[in-house]
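For reference, the chains in residue letters:
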Amino acid sequence: MRHFIFTCLFLSLSLSGFGQGIIRGKITNSINNQPVAFANVLLLNTNLGAISDAEGNYEISNVPVGLYNVRVSFVGYKSSTAYEIQVTLARAVQLDFSLIEEAEELSEVVVSSEFTRSEETPLSVRKLNTNEIERYPGGNRDISKVIQSLPGVASTPSFRNDILIRGGAPNENRFFVDEIEVPVINHFSTQGSSGGPVGMINVNLIKSVDLITGGFPANRMNGLSSFFEIQLKEGRRDRMATQLTLGASELTLSNEGPLSPKTTYSLSARRSYLQGLFRLLQLPFLPTFNDFQLKTTTKINDKTELTILGLGAIDQFALNEDVPEEETQEEKEDRLYLLGVLAVQSQWNYTTGAKLKRFRENGYWTFVLSRNMLNNQSIKYAGNDESNPKNLLFDYRSQESENKLRAENSVFGKGYTLKYGVNLEYARYLIDNYDRAVLSQSGGLVDISAVSNYTSYGAFVSGSRNGLGDRLLLSGGIRMDGSNFASTASNPFKQLSPRLSLSYQLQPNLFVTANAGVYYQRPAYTILGFQNNLGEYVNQENYVRFIRNAQLIGGLEYLRPEKARRFTLEAFYKRYSNYPSSIRNGISLANLGADFGAIGNEPVLSNSTGRAYGIEFLAQQRLFRNFYGIASMTLVRSEFTNPNSEGMIPSSWDNRIILSMTAGKRFSNNWELGGRWRYLGGNPYTPTDLNASSLRSNWDLRNTAILDFSRINGARLNPYHQLDIRLDKKYFYEKWTLNWYLDVQNAYNFQATQPPLILPIRDAQGDIAIDPKDPSRYQLRNLANPAGTILPTIGLIVEF
């Protein structure tokens, strides 16, 4: 009897998944925000559709549960398609469209907007929507991992989210969320860079991500490799909705809905439980991360829109000194080494901002005001004994805060666009640094406490023009940037950044594209605010400069919009100058790599040059007949000069080859299976100096090996490859939706080579063994350091 009742209950729940849902939204003109009446809305490959009313609103009812591509079209506008829209029973889909006017009303040329083709940036742009991000194999709902499937994007085989694009460093990428700059998007971020092990932006609230890797728009500043344009979903206008996500390492709660007839909100909070999990696994380090996210949108009137944004994170990294019950001598040595190297870290950051958009008949003004702050602290005691102040090895604390104002005007005419604007930024950098392991220029220990302030400013103008029957698109612009961090940077006319892009339609779906541009980036605050023990701003006196990068790009793009396919082939060349180099080590900072802590907190000179060049291919299949896929291949070289060596040598980002293949298939009964395989050439690395490392005076200060900078990047790791698999199953009920998934990273357990570790040999009491032949040295040994393990994750997502 109980079996019969359970079966009936299960069938009743399952059969509720065969109900029908609703898609509704509003269609507006992207230029003036006016509603577009009588537009056609069609669910592709179905007979379902609707026509917008006089207010631009539409509704499609009786839609069976499932994934759909939704297309909107109207005479005089470019068609727009939203891919992979999930229809459920629990709530109606809110799907708005903003249509772009055709440049020429009577044009006979077929122009498609199915894939992102901005008039300002007609090349090197890739777009991902929320479904692609959420279900990505191996991505674990982390945008920094998901974009690794795109061409030109490399990563490291460790668990970090360092994003390496077209041979550039991680700190050359900039991130904008709803047009508000967010400097930090990862937990445990490396100061002076952008990497970290876990992303902090909740993908539940992301609508789309545009990755721009070349031909940068003139209204974006301070980046050399890429700009991320992340658009968050607008909160629901009809009712409150909640999503609960339980993953292997964290719990996330998201909520959205209306605050008033004119205001909506969306928010999320996430708490990790890695510290408890790592303690159970008896690991020597215990990380904990938390983050929050908030967006409100207020339609003040038909012409004025206000967006308020808030993001933040709190990260803690503690040490676990508990002794495992069963431990071999080698395991003991490894554990004590890690405890001797790892520092106790604390980091928090936030970004708050407001965007006001004021529409008019031929364009709109955009005003953005924001503030962001990063607090980073790292402390280490010898033997992790805090009872004696003399055991303090280093104590590093710094803060970076920025206040930014930006104003832009966008004007649209028949066949042309014009944009211009200004930006102003005030920054404060605080550093309190004590370090026994690094000698300052004055010959003593580093002991610095200082606050510095910087004002940066810029302006731009850009435009685009269509011609030759709408086959030709020319876009260009120029911006200038200045700052008071050094006399070499104060004159913005010395940092002029011209750029010009071209797109020509050879055939209805075949385009040739090209771009040339010059871009500048301000050095990291860790460089600008560095002082010696005499209180001198060494790097300002060394006339540190804006980093300069000149780029050339050319390519082809072929579109098959009726089958949601896209193919691109692009070649690129990037030339760096004024790149910072370390005075202590005589090497370019591009050859240092990235790790936890801070980069650039030392004396530097702007005397390194470099280049990155290569070719990349992309084949993208959006969801079509329940299949999707992305394949990309990049051949790239990245090289920089060092003051202590002749010629160019491979940089830390010189992967040589990057290959990624991702594919997935949707099956009946709401099952979905996807996989990703990627291959990366080995990175260069700098070998250690065993002779210098074994000196007791050196090891006692550093607890780690010293690199041999006379052989900078003189060795190379083996190639790295990995297979990730993800299985999803969804259940649709009348009041709620359930999605469980199994995500397996590194499915065949590939062991990637890493630079070998140098560890001290210890006796039975745990003390470091002294070299009997030379009492001034310790006995050290090499330890293989493979990275990679099978990492399965089971997660639950509940929406109601």
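Not measured: the values here are computed from a predicted model.

**Thoughts on the overall build of the protein**
Helix and strand counts for the protein come out as 9 helices and 44 strands. Relative to the 2.2 N^0.38 estimate, which gives 28 Å for 800 residues, the radius of gyration of the protein is 27 Å and therefore close to what a compact globule would have. Projected onto its principal axes, the C-alpha positions of the protein cover 85 × 80 × 45 Å. Of the roughly 32,800 Å² that the protein leaves accessible, carbon and sulfur atoms contribute 59%.

**Considering the side chain of Ser124**
Structurally, Ser124 can be placed in the loop between strand S8 (97–99) and strand S9 (125–129). When its relative accessible area of 1% is taken as the criterion, Ser124 is described as buried. For Ser124, the side chain forms a polar contact with the side chain of Glu570, separated by 2.7 Å. Residues within four places of Ser124 in sequence aside, it is in contact with Arg166, Leu211, Ile212, Thr213, Gly214, Ile553 and Glu570.

**Regarding the environment of Gly168**
Structurally, the position occupied by Gly168 is in the loop between strand S11 (164–165) and strand S12 (173–177). Overall, the relative accessible area of 0% leaves Gly168 in the buried class. Sequence separation of Gly168 and Ser651 is 483 residues, and the distance between their C-alpha atoms is 9.1 Å. Not counting chain neighbours up to four residues away, the residues in contact with Gly168 comprise Ser225, Lys574, Tyr576 and Trp653.

**Remarks on the sheet that holds strand S16 (residues 206–212)**
Strands pair in a sheet through their backbones, by hydrogen bonds, and they do so in one of two ways: parallel or antiparallel. The strand order S9-S16-S17-S12-S13 describes an open sheet built from 5 strands, whose pairing is mixed. Whereas interior strands pair on both sides, the edge strands pair on one side only; in this sheet they are S9 and strand S13 (180–181). Relative to strand S17 (residues 226–232), S16 is paired through 6 bridges, and the arrangement is antiparallel. Of the residues in S17, the one forming a bridge with Ile212 is Phe227.

**Here's the deal with the sheet that holds strand S3 (residues 49–51)**
Pairing in this open sheet of 4 strands is antiparallel, and the strands run S3-S2-S5-S6 from one edge to the other. Two strands lie at the open edges of the sheet, namely S3 and strand S6 (80–87), each paired on one side alone. In this sheet, adjacent strand axes meet at a mean angle of 20 degrees when their direction is disregarded. Strand direction decides the pairing type here: strand S5 (residues 66–73) and S6, joined by 6 bridges, are antiparallel. Bridging across to S6, Gly66 finds its partner in Val87.

**Observations concerning the pattern of salt bridges**
Taken as a whole and judged by the stated rule, the model has 45 salt bridges. A salt bridge links Lys295 to Asp178, with the nearest nitrogen and oxygen atoms 3.1 Å apart. A residue pair is termed long-range when its members are at least 10 positions apart, and Lys295 in strand S21 (residues 285–301) and Asp178 in the loop between S12 and S13 qualify at 117 residues. Accessibility assignment for this pair places Lys295 and Asp178 in one class, buried. With a shortest N-O distance of 3.2 Å, Arg637 and Glu639 are connected by a salt bridge. Looking at Arg637, the relative accessible area reads 28%, which means it is partly exposed. Residue classification places Glu639 among the buried positions, given a relative accessible area of 8%. Here the residues in one salt-bridge network are Arg174, Glu181, Glu402, Lys404, Glu425 and Arg522, joined through shared partners.

**Describing empty space enclosed by the protein**
If you walk through the whole model with that rule in mind, you get 10 cavities of 30 Å³ or more. Of the pockets and cavities examined, the second largest cavity occupies roughly 100 Å³. What lines the second largest cavity is simply Leu128, Glu132, Arg135, Tyr136, Pro137, Val146, Gln621, Arg622, Tyr628, Gly629, Ile630 and Thr662. Those elements giving two or more residues to the lining of the second largest cavity turn out to be strand S33 (604–624) and strand S34 (627–641). Looking at which element gives the most residues to the lining of the second largest cavity, the answer is S34, with 3 residues.

**Brief notes about unusual backbone geometry**
Backbone geometry places Phe38, a non-glycine residue, at a positive phi of 65 degrees. Checked against the element boundaries, Phe38 lands in the loop between strand S1 (20–29) and strand S2 (40–43). With a phi close to 55 degrees, Leu468 is a non-glycine residue in the positive phi region. As for its placement among the helices and strands, Leu468 is situated in the loop between strand S27 (445–467) and strand S28 (472–483).

**Observations regarding the pairing of S1**
A regular strand places its side chains on the two faces of the sheet in alternate fashion. Bridge analysis of S1 against strand S4 (residues 57–64) gives 6 bridges, and the strand direction is antiparallel. Its bridge partner lying in S4, Lys26 is registered against Asn57. One ladder, built from 2 bridges, connects S1 with strand S7 (residues 93–94); its direction is parallel. The partner of Arg24 across the bridge, within S7, is Gln94. With 3 bridges connecting them, S1 and S8 associate as parallel partners. Residue pairing for S8: Asn29 is matched across the bridge by Leu99.

**Describing the packing of aromatic side chains**
A complete count under the given rule lists 25 aromatic pairs for this structure. Pairing Phe188 with Phe317 gives two aromatic rings, centres 6.2 Å apart and planes at 80 degrees, and the pair type is edge-to-face. Taken together, the residues Phe188 in the loop between strand S14 (186–187) and strand S15 (198–199) and Phe317 in strand S22 (residues 304–319) connect sequence positions 129 residues apart. In this structure Phe188 comes out as buried when scored by relative accessible area, which is 8%. On the basis of relative accessibility, which here comes to 15%, the residue Phe317 falls in the buried class. On the basis of an interplanar angle of 25 degrees and a centroid distance of 6.2 Å, the ring pair of Tyr573 and Tyr613 is categorised as stacked. Taken together, the positions of Tyr573 in strand S32 (residues 565–582) and Tyr613 in strand S33 put the pair 40 residues apart, joining distant regions of the chain. Judged by relative accessible area, Tyr573 falls into the partly exposed class, the value being 32%.

**Some thoughts on helix H5 (residues 329–341)**
In a regular helix each residue adds 1.5 Å, so 13 residues correspond to 18 Å; H5 covers 18 Å between its end C-alpha atoms and thus fits that length. Among all positions in H5, only Glu333, Arg335, Tyr337 and Leu339 are buried. The secondary structure elements touched by the buried residues of H5 are S22, strand S24 (363–381), helix H9 (696–702), strand S42 (757–760) and strand S43 (780–783).

Cut-offs and rules
Residues numbered from 1 in each chain as written. Predicted model: local features only at pLDDT ≥ 70, side-chain atom pairs only at ≥ 80, totals over all residues. Heavy atoms only, no water. Helix = DSSP H or I, 4+ residues; strand = E, 2+ residues; numbered from the N terminus. Rg over C-alpha atoms; globule rule 2.2 N^0.38 Å. Areas by Shrake-Rupley, 256 points an atom, 1.4 Å probe, with all protein chains shown as cover. Buried < 20%, exposed > 50% of the residue type's maximum accessible area, 1.4 Å probe, protein only. Polar contact = N/O pair within 3.5 Å; in protein donor to acceptor, adjacent residues only side chain to side chain. Contact = heavy atoms within 4.5 Å. Pairing = 2+ DSSP bridges. Axes fitted to C-alpha atoms, helices over the stretch in contact; angles between N-to-C directions. Salt bridge = Lys/Arg side-chain N within 4 Å of Asp/Glu carboxyl O. 1 Å grid on protein atoms, 1.4 Å probe; cavity = no way out; pocket = protein on both sides within 12 Å on 5 of 7 lines; lining within 4 Å. Points joined across faces, edges and corners; volume = space filled by probe spheres on them. Phe/Tyr/Trp six-rings, centres within 6.5 Å; stacked < 30°, edge-to-face > 60°. Expected span 1.5 Å × (residues − 1).

By themselves, these are just geometric observations and shouldn't be taken as functional.
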